[in-house]
Amino acid sequence: MDGLDESYGAFLMERRGEILDRISGAAARAGRSAADVLPIAVSKTVTAREVLLARRAGWRAFGENRPQELSRKLAALEGEPGCEDLRFDMIGNLQKNKINQVIGRVTLIHSISSAHLAEAVSTRCQARGIVADVLLEANVSGEASKSGFSPEGLLAAAEDVAALPGIRVLGLMTMAPAGDAEAARRTFSGLRDLAEELRGRTGLPLETLSCGMSDDFEIAVEEGSTLVRLGRCVFDQGYALR
Ligand SMILES: *Cc1c(COP(=O)(O)O)cnc(C)c1O
């Protein structure tokens, strides 16, 4: 390690402590256990070197949003001491022609945004004899810029998607509108309610709720998130936790 790595490593460790404290505080306010919230470090903007430093700072779970960058990171980290237990999740838009780059290599795909994509992932997993753990992405806020099932579309498709043999649906994922805390809260509580409705309809436990990013993860934890996806607040020294 050179001096730069050392000071960045110290930042990562200190910041991680602050993030975990905030998750604990938010969980306590909601009468939840912080142990039920898994923070994922979104490494899409950093190099494998920084992932390695983050691993040393205590992070175990990482998120990538592009299959090609995922492949690059996995190749760079292969055989690195201490990286055997790393977990990578796919959190971004997944094109059908990239599915094979992702299945079998990630722990969880957060971004199943349509019934077509669910079918395509299932078919490719079946061909490989595997079952992929996935979340269904819901566009709870209704913003046109966001991908995912509409809540009505999800309710309509849920039973068919849940029955696909190549995927296991563990829960839901959403993204909140940026820069509006009240809208974020409504989005996260909406996701929780949607999951409840889907449980009734599918009989699936749907225990995983992936929501909350750097700007709104405490609100997400207060509203029931079990998986927060944190990029800038983990890796960016210029990002001030609010
Ligand atoms: C980049 C990204 C994040 C992390 O966002 P930050 O605001 O940097 O914490 C979370 N989820 C998805 C899907 C992303 O693409």
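Residues numbered from 1 in each chain as written. Predicted model: local features only at pLDDT ≥ 70, side-chain atom pairs only at ≥ 80, totals over all residues. Heavy atoms only, no water.

Trainee: An account of the pattern of salt bridges is requested, with residue identities and associated values reported.
Mentor: A side chain with one charge may pair with a side chain of the opposite charge, provided their charged atoms come close. If you walk through the whole model with that rule in mind, you get 18 salt bridges. Note that Glu 143 and Lys 146 form a salt bridge whose closest N and O atoms lie 3.0 Å from each other. Several salt bridges share partner residues, and in doing so they unite Arg 22, Arg 29, Arg 185, Arg 192, Glu 218, Glu 222 and Glu 223 into one network. (Salt bridge = Lys/Arg side-chain N within 4 Å of Asp/Glu carboxyl O.)

Trainee: Outline helix 1 (residues 3–29), listing residues and values.
Mentor: The first and last C-alpha atoms of helix 1 sit 39 Å apart over 27 residues, in line with the 39 Å expected at 1.5 Å per residue. Those residues of helix 1 that sit buried are Asp 5, Tyr 8, Gly 9, Phe 11, Leu 12, Arg 15, Ile 19, Ile 23, Ala 26 and Ala 27. Those residues of helix 1 hidden inside the fold are in contact with strand 1 (38–42), helix 2 (48–56), helix 8 (217–222), strand 8 (227–230) and helix 9 (232–235). Within two residues after helix 1, Gly 31 carries a phi angle of roughly 70°, on the positive side. (Helix = DSSP H or I, 4+ residues; strand = E, 2+ residues; numbered from the N terminus. Expected span 1.5 Å × (residues − 1). Buried < 20%, exposed > 50% of the residue type's maximum accessible area, 1.4 Å probe, protein only. Contact = heavy atoms within 4.5 Å.)

Trainee: Any details on the packing of aromatic side chains? Residues and values, ideally.
Mentor: By the definition in use, this model includes two aromatic pairs. On the numbers, 5.9 Å between centres and 25° between planes, the contact of Tyr 8 with Phe 11 is stacked. Of the two residues, Tyr 8 and Phe 11 are both situated in helix 1; the distance of three residues between them amounts to about one turn of the helix. With respect to burial, Tyr 8 and Phe 11 carry one shared label: buried. Sitting over the ring of Trp 59, Arg 16 keeps its end group 5.1 Å from the ring centre. (Phe/Tyr/Trp six-rings, centres within 6.5 Å; stacked < 30°, edge-to-face > 60°. Lys NZ or Arg CZ within 6 Å of the ring centre and 35° of its normal.)

Trainee: Which residues make up the environment of Leu 194, and what are the values?
Mentor: On the secondary structure map, Leu 194 appears in helix 7 (residues 181–202). Judged by relative accessible area, which is 5%, Leu 194 ranks as buried. A C-alpha to C-alpha distance of 7.1 Å links Leu 194 and Pro 151, two positions 43 residues apart in sequence. Excluding residues within four positions of it along the chain, Leu 194 makes contact with Ala 138, Val 140, Pro 151, Leu 154, Leu 155 and Leu 172.

Trainee: Any details on the nonpolar core? Residues and values, ideally.
Mentor: Nonpolar side chains tend to gather and get buried jointly when the protein is soluble and globular. Ranked by internal contacts, the top residues of the largest apolar core, which has 71 residues, are Ile 19, Phe 62, Ile 109, Val 121, Leu 172 and Phe 235. Sorting elements by how many residues they give to this core places helix 1 first, with seven residues. Apart from residues no more than four positions distant in its own chain, Val 121 is found in contact with Leu 94, Ile 99, Ile 103, Ile 109, Ile 112, Ala 132 and Ile 167. Listed in part, the six residues of the second largest apolar core include Ile 40, Ala 61, Leu 108 and Met 173. (Core = buried A, V, L, I, M, F, W, Y, C linked by side-chain atoms within 4.5 Å.)

Trainee: How would you explain the site of the ligand if you had to name every residue and give the values?
Mentor: Taken together, Val 42, Lys 44, Ile 91, Met 175, Met 213, Ser 214, Arg 229, Leu 230, Gly 231 and Arg 232 form the complete shell of residues around the ligand. Here an oxygen atom of the ligand and a side-chain polar atom of Ser 214 are 2.5 Å apart. Here an oxygen atom of the ligand and a backbone polar atom of Gly 231 are 2.8 Å apart. Considering the ligand on its own, with 380 Å² of exposed area, one finds that the protein chains cover 90% of that surface. Taken together, the residues that form the shell around the ligand break down as five nonpolar, two polar and three charged. (Near = heavy atom within 4 Å. Polar contact = N/O pair within 3.5 Å; in protein donor to acceptor, adjacent residues only side chain to side chain. Areas by Shrake-Rupley, 256 points an atom, 1.4 Å probe, with all protein chains shown as cover. Nonpolar A, V, L, I, M, F, W, Y, C, P; charged D, E, K, R; others polar.)

Trainee: Tell me about the packing of helix 2 against helix 3 (residues 67–77), and name the residues and values.
Mentor: Where helix 2 contacts helix 3, the two axes come as close as 9 Å, and the packing angle between them is 60°. For the element pair helix 2 and helix 3, the recorded crossing hand is right-handed. Residues Ala 48, Val 51 and Leu 52 of helix 2 form the contact with helix 3, whose own contacting residues are Lys 73, Ala 76 and Leu 77. Looking at the contact of helix 2 with helix 3 residue by residue, the classes come out as five nonpolar, no polar and one charged. (Axes fitted to C-alpha atoms, helices over the stretch in contact; angles between N-to-C directions. Left-handed = near helix turned anticlockwise from the far one by under 90°.)

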